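Structural overview for review
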Amino acid sequence: MAGKKHKYIYFFGGGKAEGRGDMKELLGGKGAGLAEMTNIGLPVPAGFTVTTDVCDYYYKNGKKSPAGFSEEFAKNLKRLEKLTGKTLGNPDDPLLVSVRSGAARSMPGMMETILNLGLNDKSVEGLAKKTSNRRFALDAYRRFIIMYGATAMGVPRDKFNEEFDDIKERRTKPRLNVRKGVVHDTDVNEEELDELIPRLKAVYKEHTKKDFPQDPQVQLLGSIDAVIGSWMAEKAVTYRRVEKITGLKGTAVSIVQMVFGNMGENSGTGVCFTRDPNSGADEFYGDLLMNAQGEDVVAGIRTPIHLIDLAKIQPRIYAELCKVRTVLERHYKDMQDIEFTIEEGKLYILQCRTGKRSPFASFKIAVDMVKARLITKQEALLRISDKDIEGLFYPVIDPAIPPDELNKNLFATGIDAVPGAASGAIVFNAKDAEAWTAQGKNVILVRKETSPEDVGGMHAAKGILTATGGKTSHAAVVARGWGKCCVVGCEDLSIDYEAKTVSVGDTVLSEGAEITLNGSTGAVYRGAMNLIKPELPASYNALMKWADETRVLKVRTNVDTPYDAEKAVQLGAEGIGLCRTEHMFFDTDERRIAIQRMILADDEETRRKSLDILLPFQRRDFTGILRAMEGKPVTIRLIDPPLHEFVPHTENEQKTLAQKLGLPFHQVSRKIERLHEANPMLGHRGCRLCITYPEILEMQVRAVIEAACECTKKGIKVFPEIMHPLVIDDNEFKILEARTRAVAEDVMKEHGVKIKYSVGTMIEVPRAAVLADRIAVTAEFFSFGTNDLTQMTLGMSRDDAGRFLPDYVDEKKSGILKNDPFQSLDQDGVGLLIRMAIEKGRKVRPGLKIGICGEHGGDPASVVFCHLNNFDYVSCSPFRVPIARLAAAQAVLRYPSKAGKKKK
């Protein structure tokens, strides 16, 4: 029996669709949405979707289509022609279609769309006669030539725009008697478009050496190739890298019957959201343009009107749209982003997808929908991302700044597209935004309007300001997805890209001048205003409470001071997973001199005297941290860096140090020179220092246990965990553990107090992971120091790998690594070592406590790895603690069979 034929195309139309809304991986978000909306009875134009399998095959097989695809495509095109009663290429009543991209994950504006396909020199006249509107037909043809030329054939869009602008200047402005004002596309009349079209075709021929194609089949195949080709365009690859989108097959391609919003003032097009994407309020929100096509709204070419204005212009259509809003939100149980077109008083829905929203709105919508019983608490938790949490901590303008000062520095006012605030130096193009940011500068990207080519600079900038566009323009949608402050539609701005200036009236600002954006009001101020962190909304606290009730993993923090410890507890930390003792040596000059005297000492007696000076400082520090973390475990790592990091290296600084220590300069210089190592990361550091100089271990352990005794006497519960870094062998650890316990026992006897403490190690050397069973005989806990473990496993220095690592991650260059292994755990390599160490360690010591204290402890994907491998806790920097709490809860919900019991 023959195998089932592979299906590459899914049809929709006439109230039925072959696809479904849950087929995003195959049909892309757009194709799945069109199918689902058709099935639930919404007014959707007919069409068909080419699956992502075709894109996947195309890139894996020398840019060819799979066998049988052409026949299946022709069959579905005939089906569309039969359903619509129109034929592609018919000179009297042509079928016109759009060719639209759509991946499984939303990538707004990053891939291509071509509208009005099927028009040529003959069918444009047929369309004019059929609609009795020749201006409309010519405008549609004008748009198609530009979109096809720029998208399918790579003709610079600016060259087309130059011809259009020339027509406006020479013909349209004199006709309308406009001297300085702006002339819109809709002001250009039939005669002027008649003159424009041959000029656009000439631009096309000049750049392609071919005439503009008159055969609609050639147009269609060229457009499909262009859309599939846009999957690997630089802007799309950059967006996927920034958004960490991996594992997708490619883009689907939807061929959809055209409906026209540019047929006159009773037609229009718009984008709306079922709730306010900035505040999360349950309010219908959006923009539209009358007598326009869809790309006009998204591109921000004209500043649109508000959605509510449609209720006055066409109340029946507005009421119908409100019904669509209700149907879609109840169906998808989430806030929806809807694209619609009105063609001569008839409403069509062109797309729906889960709407991009601000971090504040993400929490409010999720919690409100739980209250409304639309979704469960578990579903709400799965809708929040790490970027949503980060976004809640984005700055706002300090409310203490007097209103008079704000008014005095007000430069312009636009549309508040994405809330928050940002300040920085003005730059006028994406490349400069990336370059300046790489130099450590804060920048604001200022553009007339943004396009997908600007995505790299938009991501680099602190904020985005555009002269045109509305709340659903490209700039607003992309910035909102990143929680990045954005002001659009600032029509008073006059931007000169060549001079690199932006002006409002007589006030001119040049590149590099600082401005501040208030994305919550649309105000733009001269100068860098003071920014502060905002208050967290009630919805944040509610949702994080649900996360804590759900997760199994404990979440600790990496801190070195009592202040940071208190802040981390406020953010939900349940202990300290890494307290770096060496940072305390730099706090005061007295401490620095003491540690430097110890390092430069030639004998043990001098070293011990210096350590005696440090002892009370360390004890005081540990007391403060233990008090701040009352009742919570605190893992204290003994000295880790090589000693040369504590001493000066310039001649003048060494002379000053010699003077302070009362030592000859040559002696200080010679001793420091001896500390030099060719590869200090693999040198005399970590526990190796305590093997060579046990007196360092004795001082630090004494300080920890004395602090614990002091706290205990005051009724403060303490649980110190003493951690030895860089262990490579079980015998090495046995020596360190024995010395640690000897000192601890002596101190507890002296104070007459019994402290519950534990001794363990960081696993950060591959050899320690391999010998984990032997080390676990003595060690009571393992904490994986994944920063060094990653370096040593991959043989890459995290300080130097930035020069070449992007090439390893870039899918266009190599795609060797899925992610930067220093940001997200290398689960194939480093993860294998970790799994091995846990398995070996717990065979010997079943109750072995397992944690992670590298920066990976705050990375959501790495937290999931820790959950699946039965860690007890993760530890990360304070402001990553809420992210780890959420990721740990999401891991339980996504992998319920691996949930286990709540960690103690």
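For clarity, every value in this text was computed on a predicted model and none was experimentally measured.

What counts and how
Residues numbered from 1 in each chain as written. Predicted model: local features only at pLDDT ≥ 70, side-chain atom pairs only at ≥ 80, totals over all residues. Heavy atoms only, no water. Helix = DSSP H or I, 4+ residues; strand = E, 2+ residues; numbered from the N terminus. Rg over C-alpha atoms; globule rule 2.2 N^0.38 Å. Buried < 20%, exposed > 50% of the residue type's maximum accessible area, 1.4 Å probe, protein only. Contact = heavy atoms within 4.5 Å. Areas by Shrake-Rupley, 256 points an atom, 1.4 Å probe, with all protein chains shown as cover. Lys, Arg positive; Asp, Glu negative; His and termini not counted. Charge placed at Lys NZ, Arg CZ, Asp CG, Glu CD. Pairing = 2+ DSSP bridges. Axes fitted to C-alpha atoms, helices over the stretch in contact; angles between N-to-C directions. Core = buried A, V, L, I, M, F, W, Y, C linked by side-chain atoms within 4.5 Å. Phe/Tyr/Trp six-rings, centres within 6.5 Å; stacked < 30°, edge-to-face > 60°. Salt bridge = Lys/Arg side-chain N within 4 Å of Asp/Glu carboxyl O. Polar contact = N/O pair within 3.5 Å; in protein donor to acceptor, adjacent residues only side chain to side chain.

Brief notes about the overall build of the chain
In terms of regular secondary structure, the chain is built from 35 helices and 32 strands. Relative to the globule expectation of 29 Å for 904 residues, the C-alpha radius of gyration of the chain, 32 Å, shows essentially globular dimensions. Along the longest, intermediate and shortest principal axes, the C-alpha atoms of the chain span 100 × 80 × 55 Å. Looking at the chain as a whole, 57% of its 904 residues are labelled buried. Sequence separation of at least 24 residues holds for 69% of the intrachain contacts in the chain that already meet a minimum separation of 6. Looking at the chain as shown, the accessible area adds up to about 38,000 Å², and 49% of this sits on carbon and sulfur atoms. Computed over 128 positive and 122 negative side-chain charges, the inter-centroid distance for the chain is 5 Å.

Some points on the sheet that holds strand 4 (residues 97–102)
The sheet built from six strands is open, its strands ordered 2-1-3-6-4-5 with antiparallel pairing. Sheet topology places strand 2 (16–17) and strand 5 (113–117) at the edges, where each strand pairs with a single neighbour. The sheet strands contacting helix 8 (residues 216–229) are strand 4, strand 5 and strand 6 (252–257), and the helix crosses strand 4 at an angle near 15 degrees.

Some remarks on the pairing of strand 6
Within strand 6, five of the six residues are buried, which leaves the element mostly enclosed by the surrounding structure. Examined bridge by bridge, strand 3 (residues 47–50) and strand 6 share four bridges and lie antiparallel to one another. Across the sheet, glycine 47 pairs through a bridge with valine 256, a residue of strand 6. Bridge count between strand 4 and strand 6: six bridges; the pairing is antiparallel. Each bridged residue has a counterpart across the sheet, and for glycine 102 the counterpart in strand 6 is alanine 252.

A short note on the nonpolar core
By size, the foremost hydrophobic cluster in this structure holds 121 residues, and its most contacted members are Leu543, Ile705, Phe782, Phe784, Ile834 and Phe871. Core analysis: the second largest hydrophobic core is formed by 87 residues, Tyr8, Ile9, Val50 and Ala236 among them.

So, the packing of aromatic side chains
The relation between two aromatic rings is expressed through the spacing of the ring centres and the mutual angle of the planes. Counting across every chain of the model gives 17 aromatic pairs. Each ring, one from phenylalanine 69 and one from phenylalanine 73, has its centre 5.9 Å from the other, and the planes form 45 degrees; the classification is tilted. Of this pair, phenylalanine 69 and phenylalanine 73 are both found in helix 3 (residues 69–84), four residues apart, which corresponds to roughly one turn of the helix. Taking relative accessible area as the criterion, phenylalanine 73 reaches 6% and is therefore assigned buried. Aromatic side chains phenylalanine 393 and phenylalanine 879 sit 5.6 Å apart centroid to centroid with 75 degrees between the ring planes, which places their arrangement in the edge-to-face category. Of this pair, phenylalanine 393 sits in the loop between helix 15 (386–392) and strand 12 (396–397) while phenylalanine 879 sits in the loop between strand 32 (873–876) and helix 35 (881–894), and the two are 486 residues apart along the sequence. Ring pairing ties together the aromatic residues Tyr141, Phe144, Tyr148, Tyr204 and Phe212, which thus form one cluster.

Points about unusual backbone geometry
Phi is positive for lysine 209, close to 65 degrees, though the residue is something other than glycine. Mapped onto the secondary structure, lysine 209 falls in the loop between helix 7 (190–208) and helix 8. Residue classification places lysine 209 among the exposed residues on the basis of a relative accessible area of 67%. We note that asparagine 291 has phi near 55 degrees; this positive angle belongs to a residue other than glycine. A relative accessible area of 11% places asparagine 291 in the buried class.

Quick word on the pattern of salt bridges
Across all of its chains, the model carries 68 salt bridges by this definition. Taking the shortest distance from any N to any O, the salt bridge between arginine 383 and aspartate 334 comes out at 3.5 Å. One end of the pair, arginine 383, is in helix 14 (residues 377–383); the other, aspartate 334, is in the loop between helix 12 (315–332) and strand 10 (336–343), and 49 residues separate them in sequence. For arginine 383, a relative accessible area of 28% corresponds to the partly exposed category. The salt bridge partner of glutamate 706 is arginine 702, with a shortest N-O separation of 2.9 Å.

Some points on the environment of arginine 357
Within the secondary structure, arginine 357 is located in the loop between strand 11 (346–354) and helix 13 (359–371). Arginine 357 gets classed as buried once you look at its relative accessible area, which sits at 13%. Measuring from C-alpha to C-alpha, the distance between arginine 357 and lysine 312 comes to 27 Å, with 45 residues separating the pair along the chain. Residue contacts for arginine 357: discarding those within four places in its chain leaves Pro277, Asp334, Met335, Ser362, Ile365 and Arg480. There is a polar contact of 2.9 Å between the side chain of arginine 357 and the side chain of aspartate 334. A polar contact is formed between the side chain of arginine 357 and the backbone oxygen of glycine 355, at a distance of 3.0 Å.

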